[in-house]
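# Descriptive structure summary
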Amino acid sequence: MKKVLVADDRPTGRELVRAVLEKSGYEVLEAADGVEAVRVAREQLPNLIILDIHMPGRDGFGVVEELRKDSQFAATPIIALTASAMQGDRERAMALGFTGYITKPIRLDALRQEVERLLR
Amino acid sequence: MPSHHPGEVLRALLEAAPLGIIALDTRGCVKLWSRGAEHTLGWTEAEVLNRPPPMELHLPEDSGSEQDLRALTRHGTAVDIRVRTAPWRDAAGSIQGTVVFLSDLTTQHVMERELQDVMAQEKEARTAIHAERRFRELLEAAPDAIIEVDREGRIVLLNRVTETLFGYQRDELLGQRVEFLIPEDVRNMHVHHRGQYWDHPQTRPMGSGLSLQGRRKDGSRFPVEISLSPVKSEDGFRVTAVIRDTTERKQAEDNLRRIQERYTRELSLANQELQQRNREIERADRLKSEFLASMSHELRTPLHTIIGFSELLGEELEGVLNEKQKRFVNHIHKDSLHLLELINDVLDLSKIEAGRVELRSETFDAAGAVEEVLASIRPQALAKSIQIEVAGPKILLYADRVRLKQILYNLLSNAVKFTPEGGRIGIASAIVDGFGEFSISDTGIGIPKEEQESVFDKFYQVGATTKGVREGTGLGLAITRRLVEEHGGAIRVESEPGVGSRFTFTIPLDPAGESESVA
């Protein structure tokens, strides 16, 4: 079973992603902030990581930078999931090493399709 | 008293007369040859007496008439003479011969010239007198004090203004040193400067850069401006000084300077305030956009889960819902989507109003953009069996393609929203006055005349007067108008309740312009 790590400081946000992806047949791991996200990623080596950008401590940008330095995560798809509508955020995210960019609120099918595409 | 023989008197007369007088007898022999004739023609009376005249003499036929002729003198030179004849009669009245009067025209010419010279001199003298009078008039008409000073600095001439300006009578000033008219403390310096003037005597303002002062009879001082000119007269070199009282001008200048200084000070203060205010506005602007970004983020975050979970529930993957539950979940989902739309619109409008929308203009064919918008509009139209007709030429626009699509989407989704089942929507495009013009018409409920002006206002909703349709944010048309205007275009509406509406807007053409104007 493929493992997906979802990092979001809001439990409801994590649970939504968990509910959608578990139904699609993935094992979902959770992290409540950036630091935990890096730790869980190193322990569990998920096949795909979904990161909220705005998190206390280390934000999504910081996490992706950290993980991309680690050769274990060189090819791991990492999706940004953010409520930010600021211009330039998407460009910055892609430049820092994100593989995909989805804005909140999500359309469930869009999330399903993106995850499926990246894990195919 | 001694008596004179008439002959002696006559003789004396003949000798003295400036005219040449010759008397010829009937045979043409000279009987009299006056000293004047001798003077003009050279021969003495003794040489010609009782002989025909030694030179040719064409006498005029009629006595009394004059004739100018040229005769040879004894010295062989030619002389121009004027001849006049008269009959010579004796006491009984019988003709004895002819008397010839001749005048030397050369002499006369000389005299005429002399006369002309005299007249010219007289005229010159008169002109000089006239000039002198004009000069006096000018001198007195001048608004400035004018004085003339000789080499020793004594005043030799002055006009009336000088008297009134300095408060002296003419007699008190004539012959005085010019230093008399300046304050005591600078008199010595003036004597020194006056001496130096003769090294470079030329017309120039005096003491340029210094503030000069005059001194009145009562000892008071006043600011003056003086210009000096050297004058050469028969009495030697002199200096004319034109003295202008600058009291009023100085006051005006001082006033002006004070006003300018105050104005500059106030302007600088106002500038500082303006800069301060600008900084405050910039700060407020930054805070506002930070607030907008953060508010948008904070609102979307819970909406994300509301929309997500309601959609999830509606999918019934976690369990089958009964009809009522399904309807309720659907309500939550729809209204949360509406809330999202509202948040997006508010944010968008705020950005537009803050001037934060940067148009990313490019050249593109309008038809492509229309098709893309129709792709998302058609399903909605199909659901209400609304027909959509598109007509128009190929139009190359220079605009922000995404924003144009937003404009078209707003107008078309409104058209679908307000058009009843089975209606029609038309999209017509044309090129008008350098703009691409797009008309979105529908057979919808229309807009009452009195509301047509306010449809572009924020939060205006036709819902106020129409039943059932009330699902927009009330911001769509406000945003649409702002976007059209950002492009430099304009938007207008024509509508008739119950018949339909037509929204027409313009967008700039591609300046390179290869658009066809044929439909």
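An account of the accompanying structure is given in this report. These numbers were taken from a predicted model, which means no experiment stands behind them.

## Here we look at the nonpolar core
All names here are of chain B. Grouped together as the largest cluster of nonpolar side chains are 41 residues, with contacts concentrated most on Leu397 and Phe505. Those residues in contact with Leu397, other than ones at most four positions away along the chain, are Glu362, Thr363, Phe364, Ala366, Leu404, Gly436, Phe438, Ile507, Pro508, Leu509 and Asp510. Within the second largest apolar cluster, 23 residues are counted, among which are Ile155, Tyr168, Val224 and Ala241.

## Comments concerning the packing of helix H11 (residues 401-418) of chain B against helix H12 (residues 476-486) of chain B
The axes of two packed helices give the description: the angle between them and the distance between them. All names here are of chain B. Axis separation between H11 and H12 bottoms out at 10 Å; the angle between their running directions is 145 degrees. Judged by the sense of rotation from one axis to the other, the crossing of H11 with H12 is left-handed. Only Gly476, Leu477, Ile479, Thr480, Leu483 and Val484 of H12 make contact with H11, whose side of the interface consists of Arg403, Gln406, Ile407, Asn410, Leu411 and Asn414. Across the contact of H11 with H12, the residue classes tally to six nonpolar, five polar and one charged.

## Considering helix H2 (residues 34-44) of chain A
Residue and element names in this part refer to chain A. Of the residues making up H2, those classed as buried are Gly34, Ala37, Val38, Val40 and Ala41. Structurally, the start of H2 carries an N-cap: the backbone nitrogen of Val35 is 3.1 Å from a side-chain oxygen of Asp33. In the stretch just after H2, Leu45 is the one whose phi turns positive, near 45 degrees.

## Digging into the layout of surface pockets
All names here are of chain B. Of the pockets and cavities examined, the second largest pocket occupies roughly 760 Å³. What lines the second largest pocket is a set of 36 residues, among which His190, His193, Met206, Gly207 and Leu212 lie closest to the centre. Put simply, the parts of the chain that give the lining of the second largest pocket at least two residues each are strand S6 (145-150), helix H7 (187-197), strand S9 (212-215), strand S10 (221-233) and strand S11 (236-245). Residues belonging to the lining of the second largest pocket are distributed by class as follows: 20 nonpolar, 10 polar and six charged.

Reading guide: rules and limits
- Residues numbered from 1 in each chain as written.
- Chains lettered and ligands numbered in written order.
- Predicted model: local features only at pLDDT ≥ 70, side-chain atom pairs only at ≥ 80, totals over all residues.
- Heavy atoms only, no water.
- Core = buried A, V, L, I, M, F, W, Y, C linked by side-chain atoms within 4.5 Å.
- Buried < 20%, exposed > 50% of the residue type's maximum accessible area, 1.4 Å probe, protein only.
- Contact = heavy atoms within 4.5 Å.
- Axes fitted to C-alpha atoms, helices over the stretch in contact; angles between N-to-C directions.
- Helix = DSSP H or I, 4+ residues; strand = E, 2+ residues; numbered from the N terminus.
- Left-handed = near helix turned anticlockwise from the far one by under 90°.
- Nonpolar A, V, L, I, M, F, W, Y, C, P; charged D, E, K, R; others polar.
- Polar contact = N/O pair within 3.5 Å; in protein donor to acceptor, adjacent residues only side chain to side chain.
- 1 Å grid on protein atoms, 1.4 Å probe; cavity = no way out; pocket = protein on both sides within 12 Å on 5 of 7 lines; lining within 4 Å.
- Points joined across faces, edges and corners; volume = space filled by probe spheres on them.

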